[in-house]
Amino acid sequence: FGDGDYGKLGAGSSTAKYYPQKVEQLCNKGMKKVCCGAQFSVVLATDGHVYTFGQERLIGLPDSMLKNRSNPQVVPSLEGLFIEDIAVGCEHVLALSSTGDIYAWGCNSEGQLGLGHCNLVKEPTLITALQGKNIKQISAGRCHSSAWTAPSTSKNSGGPGSVQLGLPQSVPPQYNTLKDLSPRVLSMRLRVLHNFSDLMYKSWRLLNLDPKNPTSTSRYSSGTTAIIRGELRGLLSPKVNTLPLVRCIGRTMTQGKTHGPQITVKRISTRGRSSKPIFVQIAKQVVSLNPLELRLPSRAWKVKLVGEGADDAGGVFDDTITEMCQELQSGVVDLLIHTPNGFADVGSNTDRFLLNPAAFSEDHMIQFRFLGVLMAVAIRTRKPLDLHLAPWVWKQLCSIPLGGSDLEEVDLLSYRTLQGILHLENSGITEENFHVMIPLDSFMVHSADGRLVPVVPGGQNISLTFANRTEYVERGLDYRLHEMDSQVAAVREGMSTIIPVPLLSLVTPQQLEQLVCGLPEVSVEMLKKLVRYRDITEGHQLVGWFWQSLEEFTNEERVLFLRFVSGRSRLPSNPADITQKFQIIKVDRPVNGLPTAQTCFFLLRLPPYTSQAILSERLRYSIHNCLSIDMDNYMLTHNTEPADSSGTED
């Protein structure tokens, strides 16, 4: 029963079945095992026959039999064999014969069929690399396969076996807080945590996750409060943290469109007037749009570059988002500031940014809302932003209350100053010499952006004394921990138009940063998993030289390379979130010329080279100097609007 698309229920049609029904054609045949793929089903009979039904390209049948794909049919390529076991992945199948050979078919995009290539295979094909190995067990994952020469220890094929990895004899020395606990106790604790996560996953819809409207203070709500405040989020399994958010995003996705509304961006100065920042131009247009139009799986909006030769098929969208991130972190747009630790070059997070508490005008609030939209769009489209925000910001966006340790991580000097005023024991400072030793005379503190501000209304007129120093420290700390609340609220308001913000109360700050920003390191290994070769093979010398060059690059250079070929500066943390394959094409152009790229298609064109050193040098030149897209200007005449001055400074 269930969804009947492609005839995968074997009932002779594609109609959904809401109650269990017999698959009549398999009755009285002695079925041994049933496996389900994404849109197809595979059944193994006790007589060694394999039956399939469902999506045509995945059921292993010749073209002449596909018209009856919604009915169970024996796979003819396997009829001369006795099949002992079957294993099904998302879109591929393995069949283990009594002779220990494996036959595979289906999707092969990641090489999961083990046939030495990545092409789709429609009918069962022998995996020759395992021939003669006398395979005893098989298994299939989403896009991978496994085979064992050791026999299964389970009584039923495919069932859970009795083999376990076992527990270590003692706790590894790096885990000091657990050193006195036995592995058995740790195992029991882990079971409790897994059980807690399972209960949470089943009941999260019943919880009030809105930090602005907390539940009652009864003993029944204490667990919810601990989750919202952040104490328990790290104990939940990832499926509880992020899966509700991911599934809600999927259910609220606007379908049937390749891109959202068109917006215009002017990057070129005209008539002596410089262009406004791209962030400011796009923010002004996007915040006035209907949010439903932006909830798309790919491009939330289409960018028209006025006066430039580019037609946005995805690359311009990615490229302008990369430029907006650069504007935010270079000071062109004043929404972000370096952490005080960064200014003083002390402590941690010296290379990170905070929201600017001095940016509180109406225009600033609009821009902060757009920053929230931008973050939420990055989560929906799985195209990360290259933003280096301090953990402080991610905690606030997850509605986790901040504490003194958080201030220490971004402003070590201010934190130590407050602690020094509070704890005067053994310092030699008394009420008599307090004003001599403490260089502060009123209820004023330095804000994150360096301004001297009162911690309470009229604080500049309240004297700081030995007697009221505790109140001063409490007020000062409270001010610093909440000085960006209005900016955070504006960002969350923008996010709420695109994603279900209350579910951020289940997510840890680290998980939210990863959802929005992906990985800061551009992994060569990840690119290798994504690559598709055209007019060239993986074993070609040119390909080897290319990967060698990329591995020799610094991460900063690999970021430039990623932008050169895709328009983006970061990759998602999960390779499965990258829907577009990285393509490498060998082109017939002059030897040792410059490589070219098409950002819209994540495509790199390599001409022939005489050495790896020359390829590396040409590639470096391109990524450092060829930052503009579509320099042939073939779309220039279509994008020129002389009368439009909305993107220029007055």
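Conventions and cut-offs
Residues numbered from 1 in each chain as written. Predicted model: local features only at pLDDT ≥ 70, side-chain atom pairs only at ≥ 80, totals over all residues. Heavy atoms only, no water. Phe/Tyr/Trp six-rings, centres within 6.5 Å; stacked < 30°, edge-to-face > 60°. Helix = DSSP H or I, 4+ residues; strand = E, 2+ residues; numbered from the N terminus. Buried < 20%, exposed > 50% of the residue type's maximum accessible area, 1.4 Å probe, protein only. Lys NZ or Arg CZ within 6 Å of the ring centre and 35° of its normal. UniProt positions renumbered as here; feature names shortened; annotations may be inferred. Contact = heavy atoms within 4.5 Å. Pairing = 2+ DSSP bridges.

Time to look at the packing of aromatic side chains. One pass over the structure, following the stated rule, counts 11 aromatic pairs. For the ring pair W301 and F370, a centre distance of 6.0 Å and an interplane angle of 40 degrees mean the geometry is tilted. Here F370 lies in helix 8 (residues 362-381) and W301 lies in the loop between helix 5 (278-286) and strand 12 (302-305), a separation of 69 residues in the sequence. According to the relative accessible area criterion, W301 is buried, its value standing at 0%. Of the aromatic side chains, those joined through ring pairs into one cluster are F546, W547, F561, F582 and F602. Over the face of the ring belonging to F466 we find R469, whose NZ or CZ atom lies 4.3 Å from the ring centre. Geometry around F602 places R568 over its ring, the cationic atom sitting 5.9 Å from the centre.

As recorded in UniProt, the feature "active site" (unreviewed entry) lies at C600. Structurally, C600 can be placed in the loop between strand 19 (596-598) and strand 20 (603-606). When its relative accessible area of 14% is taken as the criterion, C600 is described as buried. In this structure, C600 is in contact with D311, A313, G314, G315, V316 and Q580, ignoring residues within four places of it in sequence.

Quick look at the sheet that holds strand 4 (residues 73-74) now. One open sheet accounts for 4 strands, arranged 1-2-3-4; its pairing is antiparallel. Pairing within the sheet leaves two strands with one partner each, and these edge strands are strand 1 (31-36) and strand 4. With 5 bridges joining them, strand 1 and strand 2 (residues 40-45) adopt antiparallel strand pairing. Looking across to strand 2, one finds that M31 is bridged to A45.

Checked against the element boundaries, V501 lands in the loop between helix 14 (485-496) and helix 15 (509-517). Judged by relative accessible area, V501 falls into the buried class, the value being 7%. For the pair V501 and L209, spaced 292 residues apart in sequence, the C-alpha separation works out to 9.4 Å. Residue contacts for V501: discarding those within four places in its chain leaves R492, M495 and S496.

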